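# Structural overview
One letter stands for each residue in the lines below.
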Amino acid sequence: MSFILEARNLKKSFDGVVALSDASFTLNQGEICGLVGANGSGKTTFARIISGLIKPDAGQLYLYGSQINLKSHLEAEKLAISMVHQNLSLVPEMTVWENINLGREIITPLGILKKEEALIRAEAAIQELKVNISLYDKVSQLAPSDQQLLEIVKALSRNPKILILDEPTASLGFKQVEILFEKLIQLKKDQVSVIFISHRIWEITRICDRLVAFRNGKTVGEVDFQQQPREERIIIPLITGKKENEDEKGIHEKRPYRNFDTRQVILEVDSLSKRDKLHNISFKIREGEVIGLGGLNGQGQEEILFILSGYLRKTSGKIKINNQEIIIKNPSQAIERGIFLVPGDRQKEGLFLNHNVFTNLVYPQVAQKKQKFILPLKELRQTVNTTIQKISLVPPDPRKLVSHLSGGNQQKVVIGKWLSLSPRILLLNDPTKGVDIETRKNLYKIIADLSNQGVSVLLYASDNEELIANCDRVLIVFEGQIVEEICGDRICEENLIASSLRVQ
Amino acid sequence: MNNNQSQNVILDKVSPKEFLFSKLAISFYAIIFLFVLGEIILPGFISFSHVMSVLRLSVFLGIVALGQTLVVLSGNEGIDLSVGSILSIGVVLSAYFLNGQNINIPKALLLTPAVGLAFGLISGLVISYIEIPPIIMTLAMASVVEGTSLIITKGFPTGNAPPLLETIGSGKFFNIPYLILLWILLIVVASFVLKKTKWGHLLYGVGSNNLTAELSGVRVKRFRVFVYGICGAIAALAGLFLLSYTGTPYLNLGATYTMPSIAALAIGGISLAGGNGDYLGAVIGCIILTTLNSILVALRTTEAVRQITYGLLLLILVIAYTGRRKR
């Protein structure tokens, strides 16, 4: 039988940096095919070629059996190929309905927009995914997860025959993921073909019929779930390129139970509130303890982290460190007390993209009050080199521009910049969003090391597996309140989901 | 950009090829080109004394451009349209403080920048805390400062530069004007502060992403107030040096400096979006603009032709600069 889409030996490089060296891919009608690979393995480049955004340097593309040469995104759209972008392609200052209709407005012969019809179309599109947003909201006012859903809605409203989803679930909560999966299965029944790119292996094993793995710009393998079992251990070696061995196994394994009752309480939060966002949040973190913040997306977890890090102000409540009440007015004061935040949006909050690794890594150190006016550059360079090794940055080059690093390595820099300052309390805001499995393991190891050194960690993760792998206790946040605390062996997927949804 | 994988690389080192095509180098070629062009049109243009006099004329713009550089580097649409007016009031005030007496020099050196600092701090406070766009705030401030100098002088500035200051303004050391030596010193100090000190480092960070800077522990708002303050102080100080050159004060001497101080930055490859570029670029931009101006003056062109050529050159350089970035 013939494939609906076939790519043979695609090559593409940017400024001499090879993104794809030999990528081949096939897609059958009415199947969901996973595309996996580490950060920088060329998945996104491949998706962009298929959707006509960039042209390959070499290789052939066959669509519906005949060779094609996509010249533009518009052409791809005419051929019923739609893509959901990882970095959102929505116009922030336009409303939801305007975005859905963008580029294919219905107009009168005089060029005047037929708003009524556009609204009807937008409403129908939104209903498809049961998104709870208003057509008149500006995209910039939507929560990240709603923006992602809107992005998907927009792609679906074009009635594609081939749908490419580039990490669609990275900023979605699991409830939303469920809805998306239902929709995908329905699309499959309607003979739509889907390319599903994700770092979350369990999503791939759940929804995909087949998967293709990329490594360093090459197609390295294919798994057909009709013949092979849906198991992580088959997939992970394909992504990492390493033979499966002991320490490859289960990066998401539950950490052994540790008892902290005898340890000193480092941070105590007492009935912390923020108007409309948080209500009477109270918890304690002991020395070396790793506490998770769980629950659905956007229930106030980020606000808790932002208040503790001094970026947002609380309306009431107390924060105590070592049993002393403290007032944190700005991030600078939080940092002085050893409370560091690893922000969630690395490009907006964590990095100076147009500067090099060195500048990024030393910045918090330079910003400290005790830093001398004339910088001890030699010492700083040495610290940076140590940090680079600690976080296993690839390439280990302090002069590399951060914008030229892959997403995972950028994330390493965001965490790395705090390591030389010896944190006491580390706040992590969804640190592995869109990060590949190798980097993830690396970050988990950093967290474990810090915890062993007595650093207390407060981790918010949108991904339950991550909480299971790292946390000693998990606090479930729901509508700005802590509704449950799950400890030790009770931390498992079922319990986390049940508590998040408040079903008992 | 190059894939250097070595573990302990020395920072700041640039490969020769990269250097030849760097923004700075391109601007430098432009200067050489202009001087050669000047020589063809007007023999004697590249004689030592003429080059020196062109460079001396660049000094005032150069000092103003330093303040502008800091503001632009600090990002968030940072721009200061009040530098010209503050320079004007700097001329008038320093003449008033000096009153032709050498003994008044320390007083003028202290008070003139202090007034500029005050104006700058006010702009900075409003920009940072009330979040008025810099372009609007500094435009308003320019107007206020102009009015203030009219009130102070009642339309007729008084006082003049004392002999010692006049020597600095027009004297030479081994045929090199003192002002140029002073500028070189300023360039060295400014470059050092930008590249090697805590403050310079923080400035680049604030300019390239103020949210990251804030979350890294910088008091961003306060920092930006300070940057505008410094810019004001520098502009006022430039007024004092301009007085040393003219001897007697005139109203609105600074009006012609505001736009060139921004153009010089664009020519010198300082990103107007903030966070990237260095003072040396601005210096070269200032020299280019002054050289071009003196060629056009020598050609006895009309003001109209001069302005059109100015605009065209700016465009060509900016295209050369951004075109390079795309490669």
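Check the entry above for the structure.
Here is a short report on the structure shown in this document. (Residues numbered from 1 in each chain as written. Chains lettered and ligands numbered in written order. Predicted model: local features only at pLDDT ≥ 70, side-chain atom pairs only at ≥ 80, totals over all residues. Heavy atoms only, no water.)

## What to know about the interface of chain A and chain B
So the rule is basically this: Contact between two residues is taken to exist if any of their heavy atoms lie within 4.5 Å; hydrogens are not considered. Defined here as a combined quantity, buried area equals the accessible surface (1.4 Å probe) lost by two parts on assembly, summed across both. What makes a salt bridge here is a side-chain nitrogen of Lys or Arg within 4 Å of a carboxyl oxygen of Asp or Glu, nothing more.
Taken together, the contact between chain A and chain B spans 45 residues of the former and 38 residues of the latter. Here chain A meets chain B over a buried area of about 3600 Å², counting both sides, of which 57% is carbon and sulfur. Three residues stand out in chain A for area buried against chain B, namely Tyr 363, Phe 373 and Arg 399 of chain A, and they jointly supply 19% of the buried area on that side. Scanning the region where chain A abuts chain B turns up zero salt bridges.

## Details of the environment of Ile 316 of chain B
Residues and elements named next belong to chain B. The line we're drawing: Runs of E in the DSSP output that reach at least two residues are strands. Runs of H or I that reach at least four are helices, and both are numbered from the N terminus. Partly exposed describes any residue whose relative accessible area lies between the buried limit of under 20% and the exposed limit of over 50%, with all areas from a 1.4 Å probe on protein chains only and scaled to the type maximum.
Note that Ile 316 resides in helix 14 (residues 303–326). Look at Ile 316 and you get exposed, because its relative accessible area is 56%. Ile 316 sits 49 residues away from Ile 267 along the chain, and the two C-alpha atoms are 9.2 Å apart.

## Some remarks on the pairing of strand 3 (residues 32–36) of chain A
Residue and element names in this part refer to chain A. This is how the line gets drawn: Any two strands with at least two DSSP-identified bridges between them are counted as paired.
Summarising burial for strand 3: five of the five residues are buried, a large majority. Burial along strand 3 is two-sided: the residues Ile 32, Gly 34 and Val 36 and Cys 33 and Leu 35 are all buried. Of the pairings in the sheet, the one linking strand 3 to strand 8 (residues 193–197) comprises four bridges and is parallel in character. Looking at the pairing, Gly 34 lines up with Phe 196 of strand 8. Pairing of strand 3 with strand 9 (residues 210–215), which is carried by four bridges, proceeds in the parallel orientation. Bridge pairing links Cys 33 to Arg 210 in strand 9.

## Focus: the nonpolar core
Residue and element names in this part refer to chain B. The condition is simple: We define a nonpolar core as any set of buried Ala, Val, Leu, Ile, Met, Phe, Trp, Tyr and Cys residues linked to one another through side-chain atoms lying within 4.5 Å.
Among the nonpolar cores identified, the biggest contains 129 residues, and Val 218 and Tyr 279 are the most heavily contacted of them. Broken down by element, the residue count for this core peaks at 15 residues, all from helix 3 (residues 48–73). Beyond its immediate stretch of four places on either side in the chain, Tyr 279 contacts Gly 62, Ile 63, Ala 65, Leu 66, Thr 69, Trp 183, Leu 186, Ile 187, Ala 190 and Leu 194.

## Brief notes about a nonpolar patch on the surface
The following threshold applies: Only residues whose relative accessible area exceeds 30% and that form no salt bridge enter a patch; like-charged residues are grouped when within 9 Å of one another, and nonpolar side chains (Val, Leu, Ile, Met, Phe, Trp, Tyr) when within 5 Å. Only the protein chains shown count as covering a residue, and every accessible area follows the Shrake-Rupley method with a 1.4 Å probe.
Among the surface-exposed residues, Phe 28, Tyr 29, Ile 32, Phe 33, Val 36, Leu 37, Ile 40, Ile 41, Leu 42 and Leu 299 of chain B lie close enough to one another that they form a single nonpolar patch of about 900 Å² accessible area. Inspection of the secondary structure assignment puts Leu 299 of chain B in the loop between helix 13 (279–298) and helix 14.

## Observations concerning the pairing of strand 9 of chain A
Residues and elements named next belong to chain A. Summarising burial for strand 9: five of the six residues are buried, a large majority. Relative to strand 10 (residues 218–224), strand 9 runs antiparallel, the two being bridged by six bridges. Counterpart to Ala 213 in the pairing with strand 10 is Gly 221. Between the end of strand 9 and the start of strand 10, which pair antiparallel, lie two residues, with Asn 216 showing a positive phi angle near 50°.

## Some details on the pattern of salt bridges
All names here are of chain A. Considering all chains together, one arrives at 22 salt bridges over all chains under this definition. The partner of Glu 117 in a salt bridge is Lys 114, and the shortest N-O contact between them spans 4.0 Å. For Glu 117, a relative accessible area of 37% translates into the label partly exposed. The residue Lys 130 makes a salt bridge to Glu 182 at a minimum N-O spacing of 3.6 Å. Here Glu 182 lies in helix 6 (residues 174–189) and Lys 130 lies in the loop between helix 4 (115–128) and helix 5 (144–156), a separation of 52 residues in the sequence. Each of Glu 31, Arg 210 and Glu 222 takes part in salt bridges that share partners, so that together they form one network.

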